[in-house]
Amino acid sequence: MTYCPVPIDTTAVALDDMEQRLVEKLARNTHDVWAQQRLNDGWRYGVERDDLAKTHPCLVAYDQLPEQEKEYDRRVSGEVVKTLLKMGYSLQPPVADEGDSEVAELLLSQMDRPDAGSLTLLRLWQHHDEQTWRCRPQLYLTLGSQFLKLGEALSACDVFSTGLEVVNDLASLSDDPSQRQLHIRLRQQRALALIQSGAYPQARRELQALASQVGEDGEICGLLGRTWKDAAALQSTPEVRNRHWTQAFDCYAHGFELALKRGAAAQAYYTGINAATLALWCGDQSASHRLAEQVRTLCLQHLHIADSSQRVSFWLLSTLGEAELLLGDGDAAQQWYQQAVDCMGADLRSQASMYDQARQIVRHSTLDVPWLEELLAPSSVAVFCGHRLDLPQQRKARFPLESELVVRQRIADLLDELQVGIGYASAASGADLLFLEEMLRRGGNVIVVLPFEVEHFIRTSVEEAGADWCRRFEAVLARADEVRILGRYDVHAANGLYDFTNHYLLGAAQVHSCTIRTELHALTVWNGDESGDLGGTASAVALWRQTQPLWQIDPVTADCRRLDQCRVSVDRPLPSPGPEETIQHHSHLYMLFADVKGYSRLSEAQTALFSQYFLAHISRILARFDDGILTRRTQGDSLFLMFDRLETALELARTLRDETADVDWTCYQLPADLSYRIALDAGPCFSYQDPISHHKDYCGHYVVRAARLEPVTPAGHVFASETFVALARMKGIAATVFQYAGQITLPKDYGFVQAFHVE
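Residues numbered from 1 in each chain as written. Predicted model: local features only at pLDDT ≥ 70, side-chain atom pairs only at ≥ 80, totals over all residues. Heavy atoms only, no water.

Caption draft 1: Here's a closer look at the overall build of the protein. The helix and strand inventory of the protein stands at 27 helices and 17 strands. Here the protein has a C-alpha radius of gyration of 29 Å; the compact-globule value for 759 residues is 27 Å, and the two agree. Considering only C-alpha atoms, the protein reaches an extent of 90 × 80 × 60 Å along its principal axes. Contacts in the protein between residues at least 24 apart in sequence constitute 68% of all its contacts with a sequence separation of at least 6. Taking the average location of the 71 positive side-chain charges in the protein and that of its 101 negative ones, the two points are 2 Å from each other. (Helix = DSSP H or I, 4+ residues; strand = E, 2+ residues; numbered from the N terminus. Rg over C-alpha atoms; globule rule 2.2 N^0.38 Å. Contact = heavy atoms within 4.5 Å. Lys, Arg positive; Asp, Glu negative; His and termini not counted. Charge placed at Lys NZ, Arg CZ, Asp CG, Glu CD.)

Structure representation (structure tokens):
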């Protein structure tokens, strides 16, 4: 019998946006139905499909499926929808009902949870139901504000912008005060998101446009002041910095006057204390004292009239501390700051802001405040590496089993002595897990960094030590604040991935300590043997000592000592390919993707002019960097470059950005705003000989990720991934070069990446 399928022909059926969203929901549900049936039948997750053992690699959440598996579910679901339409059925979006209201309330409660981290909120946003959110646009303001509290400025800006598409016409909202106020708040908060992402001119323009429509108030003036104040910190010359401070002072002082007239206490003490501080920085001490006295009086009145059941604002208490510092009363300042610290909780970002502001005031005065560092400085950050516990058959002792308890105690003592509150480490059996367990025991924040997927890491670095270590590994991961997985397992590239992890660990910890303005300490459990493979403990110690000292705990003798910074050799190269091999793994290289936003809108004639003039201009720039470029690839407006030196990649990215923006392209009959958007990334990859072009080319997860980062980069800007910035900090490139912009959702379901704006 010959079976010949005859499906209904749906090739002429086109789906609109609503129907495409329906297909995605159905695809997700199709996968869940299939997975639930498999689990009910006794199947479980496994790296490979095994019908006898009943293991399947697709028994994971839909978001974790390979793209080809998602596409299969989409095709099936899409054909269902197309067939219904072909048969004459119509599809209507659901009408908002009480169920939508209940869903909205549930979403608001999820957003307000104190343990709702960045990834939780990103998933809420990625899978939000447009119909529910349009019926309750307050959701946009709440979620965006939560992103801002977590420092995720780019995600916040995306949420606020989408909300403004719903509540978009200020003139039509005059009869609805609540919606009008929501529109204003969305615009104010979007401006704040732009400020946090470093887009100061754009934020300033948006705030000025808002003020022209609704009038100035303390909130708008305060935000305008912040655009100048934050930008001042990036200026290289005192003259320009002082001009920015003066502009900031004028905005804050004007906002303070407006807030006082309108009785807006919170706006008044925020703008007033900033005006007082900037007056000091500008050298006007009498104005600083006058404003600080007004702010102190205002805050004390606010405290006096507050109901005893109300929770006192951390910012109100820290403002009182700042006012007393400006007035020269160190003892009173210490008391208010102590209260602020007591009610602050674990908000390290706020503590860093308070500490930095207080330190700047002291620097511009003659006040002696010996308590400042001890009271306000955030807990330090530690980065850790160490030996795995020795196995019974191991001949040479590195970390004997009987040393576990004494090494754990040495780690605990060192964490106490260095006042560590944040820890970075991998999670292999032995020293890594001891460090992480001690960090969690003391209530610290833990960031676990793995070279590749969890299941492969367990197999290569944990399970050999026994089932108990596997349970401890799983317990640590369950309690960690964040687990970062850097690459994808390949048996031939494992050592390179371990080496990349060592580079990333130190760089990421340096970025974190710089962000919260605290000390960084490097710790190791190491027997002192300098031999070993690339990516091992000795390799990490040699690498880290190039930039800073380390605290060493010897697992054999249990001695603890400080190793000075030392530029020792770290030359443990990966094996070179044989004469017959054309594929080589690189532990990490640096990549640049760029394109021109709006290129697809050029006319046919303009594309030819673009190739003749714009690309010729780019060619002249690249010629100055010829020696540092490993490979180059172009297609239309797109540009892909690979480097083995980070400094070259960074310098070329800035040059491309600046020297394309400086050209008047209208002289060549091209749009005036022609400019690159550029993405920088760094990570492991493979090189190979392209059999078609006969040139060396590069591929791998990070190459694809860099290509995904470039389309979400604003035109005229350079964005760098967190791995690129981590490796840049390791190489001593100043932290001021990069400004954290937030987590970005990458196109084509490629996950999230932390992005930094390159100044």
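Caption draft 2: Quick look at the confidence of the model for the protein. Mean pLDDT over the protein works out to 85, with 93% of the residues at or above the 70 mark. Ranking the elements of the protein by mean pLDDT puts helix α3 (residues 98-112) last, at 67, and strand β7 (residues 520-525) first, at 95. (pLDDT = per-residue confidence, 0-100.)

Caption draft 3: Examining the sheet that holds strand β4 (residues 420-425) more closely. One open sheet accounts for seven strands, arranged β6-β5-β4-β3-β7-β8-β9; its pairing is mixed. Lying at the two open borders of the sheet, with one neighbouring strand each, are β6 (482-485) and β9 (560-563). Neighbour to neighbour, the strand axes of the sheet diverge by 25 degrees on average, direction disregarded. One ladder, built from four bridges, connects β4 with strand β5 (residues 445-450); its direction is parallel. In the sheet register, Ala425 faces β5, and the bridge partner there is Val448. (Pairing = 2+ DSSP bridges. Axes fitted to C-alpha atoms, helices over the stretch in contact; angles between N-to-C directions.)

Caption draft 4: The arrangement of a nonpolar patch on the surface in detail. A surface patch of nonpolar side chains, about 670 Å² in accessible area, is lined by Ile8, Tyr72, Val76, Val80, Leu84, Met87 and Tyr89. Val76 gets classed as partly exposed once you look at its relative accessible area, which sits at 39%. (Patch = residues over 30% accessible without salt bridge, like charges linked within 9 Å, V, L, I, M, F, W, Y side chains within 5 Å. Areas by Shrake-Rupley, 256 points an atom, 1.4 Å probe, with all protein chains shown as cover. Salt bridge = Lys/Arg side-chain N within 4 Å of Asp/Glu carboxyl O. Buried < 20%, exposed > 50% of the residue type's maximum accessible area, 1.4 Å probe, protein only.)

Caption draft 5: Spotlight on the packing of aromatic side chains. A complete count under the given rule lists 21 aromatic pairs for this structure. The interplanar angle of 70 degrees and the centroid separation of 4.9 Å between the aromatic rings of Phe452 and Tyr489 together place this pair among those described as edge-to-face. Residue Phe452 is located in the loop between β5 and α20 (454-461), and its partner Tyr489 is located in the loop between β6 and α22 (494-515); the two are separated by 37 residues in the primary sequence. Here the aromatic residues Tyr599, Phe610, Tyr613, Phe614, Trp665, Tyr668 and Tyr676 are joined through ring pairs into a cluster of three or more. (Phe/Tyr/Trp six-rings, centres within 6.5 Å; stacked < 30°, edge-to-face > 60°.)

Caption draft 6: Highlighting the pattern of salt bridges. Applying the stated criterion to the full structure yields 29 salt bridges. Notably, a salt bridge pairs Arg408 with Glu438, separated by 2.9 Å at the nearest N-O pair. One end of the pair, Arg408, is in helix α18 (residues 404-418); the other, Glu438, is in helix α19 (residues 431-441), with 30 residues separating them in the sequence. What makes Glu438 buried here is its relative accessible area of 4%. Here Arg705 makes a salt bridge to Glu722, at a shortest N to O gap of 3.6 Å. In this pair, Arg705 is assigned in helix α26 (residues 701-709) and Glu722 in helix α27 (residues 722-730), connecting sequence segments 17 residues apart.

Caption draft 7: Structural context of the environment of Leu415. Among the secondary structure elements, Leu415 is positioned in helix α18. For Leu415, a relative accessible area of 0% gives the class buried. Sequence-wise, Leu415 and Val381 are 34 residues apart; in three dimensions their C-alpha atoms are separated by 9.9 Å. When neighbours within four sequence positions are excluded, Leu415 is seen to be in contact with Val420, Phe435, Glu438, Met439, Arg442 and Leu523.

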